[in-house]
Amino acid sequence: MQTSEVHEYLSLLRELSKTLEKLTEIEQEKTNAVRQDDLNTLNHCMKQEQALTLTLRGYEQKRQTILSSWNLEHLPLSGLASHLPLEHRDEAKRVSEELRRQYELFQGTFEVAQHTLECNLHQIEKHLQELGANPSSGLGYEGESPELPSSFRTDFRA
């Protein structure tokens, strides 16, 4: 493994950390949007989240390619430093630790956002049931529209 390859790999891990940091910020914004019933911001956050998820997939493919070329494809991140040349080990430990920390922050923030969203969806379903709608009938994804209570319907005539 050449020094340039090691630098490329560590740079990739740094970019992965930055992307996780951005995703963490988006998850925080998404949680706030859900709490404030701000559907426009929630939709914007979800679009950003999808784009960054694709970015992460690209990084994962690059990471796997590099590790495969080093015959280290099954190596956990925590074991990376010990397999690199001595002059790169300290930097690899720092980069790996930062990536692990960013992942843990993201994971915690994601769980809060997911829980907040699920709670709000549950409240919406409960409210719809109180109004006489049947939320379990679905949202019409299979070609059928759910039957809304008469208070939700309007008669339009031309």
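Before going into details, it helps to say that this report is about the structure given with it. In this text the structure is predicted, and so the values were computed from the model without any measurement.

Quick notes on the rules
- For every chain, the first residue of the written sequence is number 1, and numbering continues from 1 onward in sequence order.
- Two thresholds apply to this predicted model, a pLDDT of at least 70 for residue-level local features and 80 or more for giving and counting side-chain atom pairs, whereas whole-chain, interface and lining totals are computed over all residues.
- Note: side-chain values were computed over all heavy atoms of the structure, leaving out hydrogens and water.
- A run of H or I in DSSP counts as a helix once it spans at least four residues, and a run of E counts as a strand once it spans at least two, with each numbered from the N terminus.
- By definition here, a helix of n residues has an expected span of 1.5 Å times n minus one.
- A fitted line through C-alpha atoms represents every axis, and for helices the fit uses only the stretch in contact; the resulting angles, taken between N-to-C directions, go from 0 to 180 degrees.
- Every angle not falling under 35 degrees, over 145, or within 65 to 115 is termed oblique; those three ranges are roughly parallel, roughly antiparallel and roughly perpendicular.
- Here a crossing is taken to be left-handed if its near helix is turned anticlockwise relative to the far helix by less than a right angle, and right-handed if that turn runs clockwise.
- Any residue outside Ala, Val, Leu, Ile, Met, Phe, Trp, Tyr, Cys, Pro, Asp, Glu, Lys and Arg is labelled polar, Gly included; the first ten of those are nonpolar and the last four are charged.
- The buried label goes to any residue with under 20% of its type's maximum accessible area, the exposed label to any with over 50%, and the partly exposed label to all in between, with areas taken from a 1.4 Å probe on protein chains only.

Considering helix α1 (residues 3-35)
Its 33 residues place the ends of α1 48 Å apart at the C-alpha level, agreeing with the 48 Å of an ideal helix rising 1.5 Å per residue. Phi turns positive, to about 55°, at Asp-37, one or two residues after α1.

Focus: the packing of α1 against helix α2 (residues 39-69)
Here α1 crosses α2 at 160°, and the two axes come no closer than 9 Å. In terms of axis orientation, α1 runs roughly antiparallel to α2. The handedness of the crossing between α1 and α2 is left-handed. For the contact of α1 with α2, a count of residues per class yields 17 nonpolar, four polar and nine charged.

Remarks on unusual backbone geometry
In most cases, non-glycine residues show a negative phi, while peptide bonds are predominantly trans. A positive phi angle is found at Asp-37, which is not glycine, with a value near 55°. Summarising the element assignment, Asp-37 is placed in the loop between α1 and α2. Note on Asp-37: relative accessible area 64%, which makes it exposed. Within the chain, Asn-71 stands out as a residue other than glycine whose phi angle is a positive 60°. Within the fold, Asn-71 resides in the loop between α2 and α3 (89-130).

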